[in-house]
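Here is what each chain is made of, one letter per residue.
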Amino acid sequence: NFLRTDYFGSMSVSQVTTFDAKEWVIHLQEDCGKGHSSIHRFRGVVRPAFQLAEDDDLIRKNPFDFELKTIVLDDAEPRFALSRRDERRFLEFVKNDKHFSRYFNGFYILLNTGLRISEFCGLTDSDLDFESKSIRVDKQLMRVARVGCYIEAPKTECGARFVPMSRGVERC
């Protein structure tokens, strides 16, 4: 939708140069106020499109074949995982809270397996193998407005996997 309204979206693929591509990326940050992650997503859409044009010999070179970090400032705040101390404090709070204590097992499993919420919600008894201490992840619970909830396979083959089960996860 953004490309429909931005000047770059009306340019002919064959006329876009590397200079134009870099200028547009700078325009996104300086004039449009877009953050690095948004610019990265925009580039993630247009770069493959131009790659297809290159592969089909419509253009000689992909104008977006450059390192983004050499053109725009990465203003993204670094994300940090919970420290062990913070995780213990969080779980202690959940465990002792009158309302949240009923969710302790779920939080513990999520924090100690790396499962996504949708994968966790899609688990059934048959996915838990206590002999080999593993969890089979081969489906997820999806929720879509106007459709409701339904079970779906992971988006990629790599999404289907076995996750090890620690003693704590096994107890939960």
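Notes on the structure follow. (Residues numbered from 1 in each chain as written. Predicted model: local features only at pLDDT ≥ 70, side-chain atom pairs only at ≥ 80, totals over all residues. Heavy atoms only, no water.)

Turning next to the packing of aromatic side chains. What the rule picks out here adds up to 10 aromatic pairs. Arranged with centres 6.3 Å apart and planes meeting at 55 degrees, the rings of Trp24 and Phe42 form a pair that is tilted. Of the two residues, Trp24 is situated in helix 2 (residues 18–30) and Phe42 in helix 3 (residues 36–55); the sequence distance between them amounts to 18 residues. Assigned by exposure class, Trp24 and Phe42 land together as buried. Here the aromatic rings of Trp24 and Phe64 are separated by 6.1 Å at their centres, their planes lie at 90 degrees, and the arrangement is edge-to-face. Separated by 40 residues along the polypeptide, Trp24 in helix 2 and Phe64 in the loop between helix 3 and helix 4 (84–96) bring together distant segments of the chain. For Phe64, a relative accessible area of 0% translates into the label buried. Clustering of aromatic rings is evident, with ring pairs tying together Phe2, Phe8, Trp24, Phe42, Phe50, Phe64 and Phe66. Taking NZ or CZ as reference, Lys22 lies 5.6 Å from the ring centre of Phe66, over its face. Sitting over the ring of Phe104, Lys95 keeps its end group 5.7 Å from the ring centre. (Phe/Tyr/Trp six-rings, centres within 6.5 Å; stacked < 30°, edge-to-face > 60°. Helix = DSSP H or I, 4+ residues; strand = E, 2+ residues; numbered from the N terminus. Buried < 20%, exposed > 50% of the residue type's maximum accessible area, 1.4 Å probe, protein only. Lys NZ or Arg CZ within 6 Å of the ring centre and 35° of its normal.)

The end-to-end C-alpha separation of helix 3 is 28 Å, in line with the 28 Å expected for 20 residues at 1.5 Å each. Restricting attention to buried positions, one finds in helix 3 the residues His36, Ser38, Ile39, Phe42, Arg43, Val46, Phe50 and Ala53. Those residues of helix 3 hidden inside the fold are in contact with helix 1 (2–5) and helix 2. (Expected span 1.5 Å × (residues − 1). Contact = heavy atoms within 4.5 Å.)

Our focus in this paragraph is the environment of Asp65. Turning to its location among the elements, Asp65 is positioned in the loop between helix 3 and helix 4. Spatially, the C-alpha atom of Asp65 lies 47 Å from that of Ser126, the residues being 61 residues apart in sequence. Only 2.9 Å separates the side chain of Asp65 from the side chain of Arg47, close enough to count as a polar contact. (Polar contact = N/O pair within 3.5 Å; in protein donor to acceptor, adjacent residues only side chain to side chain.)

All right, on to the environment of Ser37 then. On the secondary structure map, Ser37 appears in helix 3. Distance from Ser37 to Asp74, taken between C-alpha atoms, is 8.1 Å for residues 37 residues apart in sequence.

Okay, the side chain of Ser118 next. Relative to the helices and strands, Ser118 resides in helix 6 (residues 117–121). Relative accessible area serves as the criterion here: at 18%, Ser118 is assigned to the buried category. For Ser118, the contacting residues outside a window of four places in its chain are Gln140 and Leu141.

Here we come to the packing of helix 4 against helix 5 (residues 104–113). Interhelical geometry of helix 4 versus helix 5 gives an angle of 165 degrees and a closest axis separation of 9 Å. By the angle between their directions, the pair helix 4 and helix 5 is classed as roughly antiparallel. The hand of the helix 4/helix 5 crossing is right-handed. The segment helix 4 lies against helix 5, with Arg84, Glu87, Phe90, Leu91, Val94 and Lys95 engaging Phe104, Phe107, Tyr108, Leu111 and Asn112. For the contact of helix 4 with helix 5, the residue count by class is 7 nonpolar, 1 polar and 3 charged. (Axes fitted to C-alpha atoms, helices over the stretch in contact; angles between N-to-C directions. Parallel < 35°, antiparallel > 145°, perpendicular 65-115°, else oblique. Left-handed = near helix turned anticlockwise from the far one by under 90°. Nonpolar A, V, L, I, M, F, W, Y, C, P; charged D, E, K, R; others polar.)

A few words on the sheet that holds strand 5 (residues 161–164). Across the sheet, 3 strands lie side by side as 1-2-5; this open sheet has antiparallel pairing. Since the sheet does not close on itself, it has two edges, and those belong to strand 1 (128–129) and strand 5, each with one partner. Pairing analysis gives 4 bridges linking strand 2 (residues 134–137) to strand 5, with the strands arranged antiparallel. Bridge pairing in strand 5 links Ile135 to Val163. (Pairing = 2+ DSSP bridges.)

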